[in-house]
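This is what each chain is made of:
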Amino acid sequence: MKKLPLMLVLIILVQLSWAQESVQINKWKITNPQKINMPAFSDVKNIDGKTFEASKLLNTTQVDLSGESLIWKNIEVSTDSIVLNQSTKNNLVLLSTYLSLDQWTQGSLNLNINAYCEIFVDNKLVKTKSSAELSDTKIELDLQSGNHEITIKAITRDTNLKLVANFDYSEDFASCNATASLNPEKFFTIDDLMNSKDASASISASGKYILINYTERAGNKGKSKTYSAIYDLAKQKNITVLRNKNIANVSWLPRTDRLTYSVNFEKKAEIFVYDIISGIEKSIANEIENLYWYTWSPNENYIIYTDKITAEKPGNLKRIYGNDDRLPYFRDRSYLHKIDVQSGNVTQLTSGNLTSSLNDIKPDGSKILISTSRMDYSEVPFSKQNLYEMDIHTNELTVIWENKIYEAYASYSPNGDKLLVQGGSECFGDIGVNISEGRIPNSYDSQLYIYDLASKKVESISKDFDPSIGNAYWSKDNQIYVSTTDRDYKNLYQYNFKTKAFAKINLQVEVLSSINYAYEKAVAVYTGTSISTPKKLYTLDLKKGTSTLLEFPEEEKFANIKFGKTEPWNFTNKSGTTIYGRVYYPPNYDATKKYPVIVNFYGGTSPIGRSFGGRYPINIWTAGNYIVYVLQPSGATGFGQDFSALHVNGWGFDAIDDIIVGTNKFLEAHPNADVENVGCIGASYGGYTTMLIQTRTDIFKTAISHAGISSLTSYWGEGYWGYTYNAGAARNSYPWDRKDIYVENSPIYNADKFQNSILLLHGTADTNVPVGESLQYYAALKILGKDVEMVLVDNQDHWILDYKKRIEWHYTIMSWFDKKLKNQSQQWDNLYPEKNL
């Protein structure tokens, strides 16, 4: 046989070494053996002639796998592969280790073990070995970047337990840095976000008890289970747990420490009261049709409920009676009804052609506030609101206001002689307006007023207060508490009637999610998140301003999750205005290295808050070794009326300039930011900005637009809320008289100026921004030969809510950035392989 030349042999050997990378997994944690008992008659054949298989012991519940009986120790696999010296069969043993990858990787986990076993990766069962013989098991895996836990649940034979393990991956992933260790520290992942435990809460009238509502989503299927617990603040423990999945609308009664809830059966509802001390449940009313929502009167002697009447379908052809009639549910109506608690009798309070909405019930229960709204195309914002006070005994109406062009929400003061009104700055003419000459108020920047029912005088109490008003509560002791959007925070403030100023109440969260107040006592319960902290539940002493942690539902899960640092980064724009922002760094940030950058900006007039998680989870992006720069460009609410006014008729103007200038300044100030690999992402209004910005600058190597607007005219006319949103965002400006906005600042009319690349994402069932906005932009860029991709998410609306689709959508975003900014196209190519169509 002719021998191969030595050089050729060396080349072949080198090529073989290139073709496969391997990580040996030698370090494991292992538990002490737990004896598992075989069932009685296990050696007797069943009717199929088979005896009990020992592999079925893997399904045992004889051992608490999280219990104190398990003792873990660290081991290193020896040359003889023995990981446990033992001679007893049917022992349960757990082994655990970690595999860390710095990019998405396809590979195989290879195990050689002499036991029945189940193999888990990140708590997901990936393989079951039904033979106890020493044999190879190969598991093909697609792994995201990050630290992955590998767990083996083994049932031993009557011999020493042996194990050899490694992870192999091909030369396609040669740039991957893969290591095995016993370090449990990991980064935040989409699975951590989607498989979560959440809590919300409300407090009883006395302030003694808290109703905590839990939602757990796990099992990697997106299904949730909910239950409630009643917590005694004095005893600091739960006194009752409610797990009846049939009950709904669980809440406290307004003045007593009793619960109310409804139960639906055969399309009819029954309302109950439950005494948490006696354990007695009482039916208040039944056979209620079309129950949508209800609330109790302050004296607890009657209930006001809202029904929901679905309109008859018009048939194959439908005449449209106004712009809002395009909405398929616009003809549905809701009316108010009263239930007398003592007798159970039901009285219908409202009817007619308009939906009636309950605003509030007077503290003495004698009257209620009702509002109605109707279309009116004579002036923006194309609707008119009436507010009435109804005598609950006679149904007699007193008009408080009529034909208000900017709708408002009203609630009573503690003694019922005034109203606390929340609405835009022009809700009462110019009383609440505080802007520079020449600017138009942003109607989405909410303000707060006090309305005197007797004199009809109105006082604006937030005119000089920069934060945008969220929810407001006027307490029994005459204090007003206000939840606000305060730049990128959501903070709580207290209004002082003497100084006519707001004072901040310090909370233990950066973003207040919800707050509920006790009627009799100056105490509240609230939930919230922070940049790198998921939701926590606190009690709040309103007099002392002190918070006490009550519940951290995901404390255990986040104990080993590492986050990168964040810090503010602001700049001054061309107008001399400070543009606020912040920067997120990767968890293992190294200041000597270069990192690709993702720039993120608001999707509408609301700022990108500091909340944890969300639809665009920045902490997951940074876990992929990206620096993320978030900025709040001109027009955002929460920075004062003058700043938010820049949103009005600002399509394509100040905000885009701020983003371009801010990004350039950010890159100059951060030498570790890779200026050659910068991307941006925005959704809805932010998606519009993303589409347009790629026609204005070349600093973004790529961009991602979700549900973006390519033509302001088609969005204005086709989106369910296009023309009404523009009643605020493009006040008194229309396609026929402001072509500088609707044409010149629409991305599709600038497509020929497009630079670099873009990914267009859109839900096919989007009613807010119709999918055609992405379709037409894609068509234009394709014809122009631009670098564009489009991914449509089937049957999803403006937000991607379906569990599986949400995860796929997230990986689409990350794999696109990896492809364009890291030159790592493997995951994108795996998700969307090329097709010769």
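None of these values were measured; they are calculated from a predicted model.

Scanning the protein chain from terminus to terminus reveals twelve helices and 53 strands. In terms of overall dimensions, the protein chain is globule-like: its C-alpha atoms have a radius of gyration of 31 Å, near the 28 Å expected for 837 residues. The buried share among the 837 residues of the protein chain stands at 52%. In the protein chain, the proportion of contacts linking residues at least 24 apart, taken out of those at least 6 apart, comes to 62%. Carbon together with sulfur atoms contributes 47% to the accessible area of the protein chain, which is approximately 39,200 Å² in total. Averaging the locations of the 87 positively and 94 negatively charged side chains of the protein chain gives two centres separated by 3 Å.

The next thing to look at is the packing of helix 5 (residues 654-669) against helix 6 (residues 685-693). The N-to-C vectors of helix 5 and helix 6 enclose an angle of 65°; their axes lie 11 Å apart at closest approach. Helix 6 is crossed by helix 5, and the crossing has right-handed handedness. On helix 6, the residues that touch Ile 656, Ile 659 and Ile 660 of helix 5 are Thr 689, Leu 692 and Ile 693. Among the residues making up the contact of helix 5 with helix 6, the classes are represented as five nonpolar, one polar and no charged.

Our focus in this paragraph is the sheet that holds strand 34 (residues 458-460). If you trace the four strands from one edge of the open sheet to the other, you get 31-32-33-34, paired in antiparallel fashion. Both outer strands of the open sheet, strand 31 (408-412) and strand 34, are each paired with one neighbouring strand and no more. Neighbour to neighbour, the strand axes of the sheet diverge by 25° on average, direction disregarded. Relative to strand 34, strand 33 (residues 447-452) runs antiparallel, the two sharing three bridges. Along strand 34, the bridge assignment pairs Ile 450 with Glu 459.

Our next topic: helix 11 (residues 803-821). Across its 19 residues, helix 11 extends 27 Å between first and last C-alpha, which sits within 8% of the 27 Å expected from 1.5 Å per residue. Extensive coverage of helix 11 is indicated by the burial of 15 of its 19 residues. You can read the cap of helix 11 off the contacts: a side-chain oxygen lies 3.2 Å from the backbone nitrogen of Lys 804, and it is on Asp 802. Asn 823 occupies a position one or two residues after helix 11 and carries a positive phi of about 60°.

Now for the pattern of salt bridges. A complete count under the given rule lists 31 salt bridges for this structure. Residue Lys 384 is joined to Glu 379 by a salt bridge in which the shortest nitrogen-to-oxygen separation is 3.3 Å. Given a relative accessible area of 8%, Lys 384 falls into the buried group. Across the pair Glu 554 and Lys 557 runs a salt bridge, and its minimum N-O distance is 2.7 Å. Residue class for Lys 557 comes out partly exposed when judged on its relative accessible area of 29%. Connected through salt bridges with shared partners, the residues Arg 374, Asp 376, Glu 379 and Lys 384 form a single ionic network.

On to the sheet that holds strand 22 (residues 281-289). The four strands lie next to each other as 19-20-21-22, forming an open sheet whose pairing is antiparallel. Edge positions in the sheet fall to strand 19 (247-252) and strand 22, since each of these pairs with one other strand and no more. Pairwise comparison of adjacent strand axes, ignoring direction, gives a mean angle of 20° for this sheet. As judged from the four bridges shared by strand 19 and strand 20 (residues 258-265), these two strands associate in the antiparallel manner. Note that in strand 20 the partner of Ala 248 across the bridge is Ser 262.

To continue, consider the confidence of the model for the protein chain. Residue-level pLDDT values for the protein chain average 94, and 97% of them are 70 or greater. Predicted confidence is poor over residues 6-18, with pLDDT under 50, and the contacts of this stretch with residues over four places away or in other chains come to three contacts.

Moving on to empty space enclosed by the protein. Summed over all chains, the structure comprises one cavity of 30 Å³ or more. What the largest cavity holds in volume is close to 40 Å³. Forming the boundary of the largest cavity are Gln 103, Trp 104, Asp 818, Gln 824, Gln 826 and Gln 827. When the residues that make up the lining of the largest cavity are grouped by side-chain class, the tally is one nonpolar, four polar and one charged.

So, about the side chain of Asp 488. Note that Asp 488 resides in the loop between strand 36 (480-486) and strand 37 (489-496). What makes Asp 488 buried here is its relative accessible area of 11%. Beyond its immediate stretch of four places on either side in the chain, Asp 488 contacts Val 511, Arg 582, Ile 608, Gly 609, Arg 610, Gln 632 and Phe 639.

Right, let's get into the packing of aromatic side chains. Taken as a whole, this structure holds 49 aromatic pairs when the rule is applied. With a centroid separation of 4.9 Å and 85° between ring planes, the pair formed by Trp 651 and Tyr 688 is classed as edge-to-face. A residue pair is termed long-range when its members are at least 10 positions apart, and Trp 651 in the loop between helix 4 (641-644) and helix 5 and Tyr 688 in helix 6 qualify at 37 residues. For Tyr 688, a relative accessible area of 0% corresponds to the buried category. In textbook terms, an aromatic cluster arises when at least three aromatic residues are bridged by ring pairs, as seen for Tyr 444, Tyr 602, Trp 651, Tyr 685, Tyr 688, Tyr 715 and Tyr 725. Across the ring face of Tyr 227, the terminal group of Arg 243 is positioned such that the distance to the ring centre comes to 4.2 Å.

Time to look at helix 5. With 16 residues, helix 5 extends 22 Å between its outermost C-alpha atoms, agreeing within 8% with the 22 Å of an ideal straight helix rising 1.5 Å per residue. Those residues of helix 5 lying buried are Ala 655, Ile 656, Asp 658, Ile 659, Ile 660, Gly 662, Thr 663, Phe 666 and Leu 667.

Rules used in this analysis
- Residues numbered from 1 in each chain as written.
- Predicted model: local features only at pLDDT ≥ 70, side-chain atom pairs only at ≥ 80, totals over all residues.
- Heavy atoms only, no water.
- Helix = DSSP H or I, 4+ residues; strand = E, 2+ residues; numbered from the N terminus.
- Rg over C-alpha atoms; globule rule 2.2 N^0.38 Å.
- Buried < 20%, exposed > 50% of the residue type's maximum accessible area, 1.4 Å probe, protein only.
- Contact = heavy atoms within 4.5 Å.
- Areas by Shrake-Rupley, 256 points an atom, 1.4 Å probe, with all protein chains shown as cover.
- Lys, Arg positive; Asp, Glu negative; His and termini not counted.
- Charge placed at Lys NZ, Arg CZ, Asp CG, Glu CD.
- Axes fitted to C-alpha atoms, helices over the stretch in contact; angles between N-to-C directions.
- Left-handed = near helix turned anticlockwise from the far one by under 90°.
- Nonpolar A, V, L, I, M, F, W, Y, C, P; charged D, E, K, R; others polar.
- Pairing = 2+ DSSP bridges.
- Expected span 1.5 Å × (residues − 1).
- Polar contact = N/O pair within 3.5 Å; in protein donor to acceptor, adjacent residues only side chain to side chain.
- Salt bridge = Lys/Arg side-chain N within 4 Å of Asp/Glu carboxyl O.
- pLDDT = per-residue confidence, 0-100.
- 1 Å grid on protein atoms, 1.4 Å probe; cavity = no way out; pocket = protein on both sides within 12 Å on 5 of 7 lines; lining within 4 Å.
- Points joined across faces, edges and corners; volume = space filled by probe spheres on them.
- Phe/Tyr/Trp six-rings, centres within 6.5 Å; stacked < 30°, edge-to-face > 60°.
- Lys NZ or Arg CZ within 6 Å of the ring centre and 35° of its normal.

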